[in-house]
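# Survey of secondary and tertiary structure
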Amino acid sequence: MTITETRGIAELPEGNELAGRVAIVTGGTRGIGAAISRALVGHGASVAAGFTHDRSRAEAFRAELAGTGADVTLHQGNVSSADDCRRTVQEVIEEHGQLDILVNNAGITMDRTVGKMADEDWNQVIAVNLSGTFFMAKVALEHMLERGTGRIINISSIIGQTGNVGQVNYAASKSGLFGLTMSLAKEAAFSLKREGRLETHGAGITVNAVAPGFIETEMLDSVPEKVLDRIRAAVPVNRLGRPEEVARVVRFLAADASSYITGQVWAVNGGQEM
Ligand SMILES: NC(=O)c1ccc[n+]([C@@H]2O[C@H](COP(=O)([O-])OP(=O)(O)OC[C@H]3O[C@@H](n4cnc5c(N)ncnc54)[C@H](OP(=O)(O)O)[C@@H]3O)[C@@H](O)[C@H]2O)c1
């Protein structure tokens, strides 16, 4: 079975805990992002799904979810452009009236060993994975601080925790998200407190990271089957992860009831890093 054939197991709806919430999911129309969009709409949220290249794929995804009655809009933009990030967040707030949840999921790899890595390979990966998260979070947080509530969830990677041959750019971008997440979590709480809006029983504003292990998406399509076998063997539960298994953690963190969890890294990796 190829990796792509195993995709598409939707998380079953368990409740309506995100009803009335509006979420942006960058890269939200395929791979892990699509599973996150499905999980959030499955629990009552409206989803603004971002994409950058593949409009026909994005339209097909929206049509699939619209068929279930979900409220989904599409937003094209390149997260490595600060202007695109500002425009996209503004577009979402205008169309949906508010923004409650930001999931920074868009990401790329450009793998080469360090001697062969071009400046552009480094710059591009940092620009999309790390700067993109910063640009999106900066503009979203401003709106969340005005409203006094919000959730920011950054999709990092096990590679940010362990490093990997051929991935100095990717590992640096994903490790960078840990520091960014903790600093934003502190700043968000600090700003609410300073304004006297840090309510004991309120949803507040939290910022967390999720660090998946190796997950069955197109991102792994270029990895040779022999290497995937070695990865499976290194995972205590002996398999790759599914996008839905990452999505359920994001959905959990997105809920109002998760207000006491902030500045944390949630691993979803089959026990690979312990
Ligand atoms: N798969 C894994 O094993 C794994 C493990 C750990 C962490 N992750 C992380 O999880 C996230 C999703 O990975 P995935 O496996 O689902 O990847 P994927 O299948 O390759 O999808 C990547 C998504 O990011 C979007 N994207 C790429 N560049 C963008 C840009 N410049 N601006 C806006 N959107 C952009 C793509 O949009 P288009 O559809 O328009 O191209 C696509 O929706 C990434 O951050 C990745 O690093 C993945």
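Residues numbered from 1 in each chain as written. Predicted model: local features only at pLDDT ≥ 70, side-chain atom pairs only at ≥ 80, totals over all residues. Heavy atoms only, no water.

### Points about the overall build of the protein
Across its full length, the protein holds 8 helices and 7 strands. A globule of 274 residues ought to have a C-alpha radius of gyration of about 19 Å, and the protein, at 18 Å, matches this closely. Considered along the principal axes of its C-alpha atoms, the protein spans approximately 55 × 40 × 35 Å. The buried share of the protein, reckoned over its 274 residues, is 51%. Restricting the contact set of the protein to residue pairs at least 6 apart, pairs at least 24 apart contribute 76%. A total of about 12,700 Å² of accessible surface is found on the protein, and carbon and sulfur atoms cover 52% of it. Taking the average place of the 26 positive charges on the side chains of the protein and the average place of its 32 negative ones, the gap between the two points comes to 3 Å. (Helix = DSSP H or I, 4+ residues; strand = E, 2+ residues; numbered from the N terminus. Rg over C-alpha atoms; globule rule 2.2 N^0.38 Å. Buried < 20%, exposed > 50% of the residue type's maximum accessible area, 1.4 Å probe, protein only. Contact = heavy atoms within 4.5 Å. Areas by Shrake-Rupley, 256 points an atom, 1.4 Å probe, with all protein chains shown as cover. Lys, Arg positive; Asp, Glu negative; His and termini not counted. Charge placed at Lys NZ, Arg CZ, Asp CG, Glu CD.)

### A few points about the confidence of the model for the protein
Summary statistics for the protein give a mean pLDDT of 94 and a share of 95% for residues scoring 70 or more. Note that residues 1-9 has pLDDT below 50 and, in this model, 17 contacts with residues that lie over four places away or in other chains. (pLDDT = per-residue confidence, 0-100.)

### Focus on the site of the ligand
Taken together, 28 residues are adjacent to the ligand, and Arg30, Thr52, His53, Tyr170 and Thr217 come closest. At a separation of 3.0 Å, a nitrogen atom of the ligand approaches a polar backbone atom of Val79. In this structure, Thr217 approaches the ligand through a side-chain N or O atom, which is 2.4 Å from an oxygen atom. Protein burial of the ligand: of its 900 Å² of free accessible surface, 95% is covered by the chains. Breaking the shell around the ligand down by element, the ones donating at least two residues are α1 (31-42) and α6 (168-194). Considering only residue class, the shell around the ligand consists of 13 nonpolar, 12 polar and 3 charged. (Near = heavy atom within 4 Å. Polar contact = N/O pair within 3.5 Å; in protein donor to acceptor, adjacent residues only side chain to side chain. Nonpolar A, V, L, I, M, F, W, Y, C, P; charged D, E, K, R; others polar.)

### Side note on the packing of α1 against helix α2 (residues 55-66)
Taken N-terminus to C-terminus, the directions of α1 and α2 make an angle of 20 degrees; their axes are 12 Å apart at the nearest point. When the interaxial angle is binned, α1 and α2 end up roughly parallel. At the point where α1 passes α2, the crossing takes the right-handed sense. Contacts between α1 and α2 involve Ala34, Ser37, Arg38 and Val41 from the former and Phe61, Glu64 and Leu65 from the latter. Looking at the contact of α1 with α2, its residues break down into 4 nonpolar, 1 polar and 2 charged. (Axes fitted to C-alpha atoms, helices over the stretch in contact; angles between N-to-C directions. Parallel < 35°, antiparallel > 145°, perpendicular 65-115°, else oblique. Left-handed = near helix turned anticlockwise from the far one by under 90°.)

### Side note on the pattern of salt bridges
Tallying each qualifying case throughout the model produces 19 salt bridges. For Arg147, the salt bridge is made with Asp100, and the minimal N-O distance between the two is 2.6 Å. Taken together, the positions of Arg147 in helix α4 (residues 119-147) and Asp100 in the loop between α3 (82-96) and β4 (101-104) put the pair 47 residues apart, joining distant regions of the chain. Take Asp100: its relative accessible area is 2%, and that puts it in the buried class. (Salt bridge = Lys/Arg side-chain N within 4 Å of Asp/Glu carboxyl O.)

### Let's talk about the nonpolar core
One finds Ile36, Leu40, Val103 and Val210 to be the most contacted residues of the largest nonpolar core, which totals 35 residues. The set of elements that each furnish at least two residues to this core consists of β1 (22-25), α1, β2 (46-51), α2, β3 (72-76), β4, β5 (150-155) and α8 (243-254). With 7 residues, the single largest contributor to this core is α1. Each residue touching Val103, except ones within four places of it in the same chain, is listed here: Ile24, Val25, Thr26, Ile36, Leu40, Ile153, Ile155 and Val250. In this structure, Leu99, Ile126, Val128 and Leu130 belong to the second largest nonpolar core, which totals 29 residues. (Core = buried A, V, L, I, M, F, W, Y, C linked by side-chain atoms within 4.5 Å.)

### Focus: the packing of α3 against α4
Between α3 and α4, whose axes approach to 9 Å, the crossing angle comes to 35 degrees. Taken as a pair, α3 and α4 cross one another with a handedness that is right-handed. Mapping the contact onto sequence places Ala82, Cys85, Arg86, Val89 and Ile93 in α3 and Gly132, Phe135, Met136, Val139, Ala140 and His143 in α4. Residue classes in the contact of α3 with α4 are distributed as 8 nonpolar, 2 polar and 1 charged.

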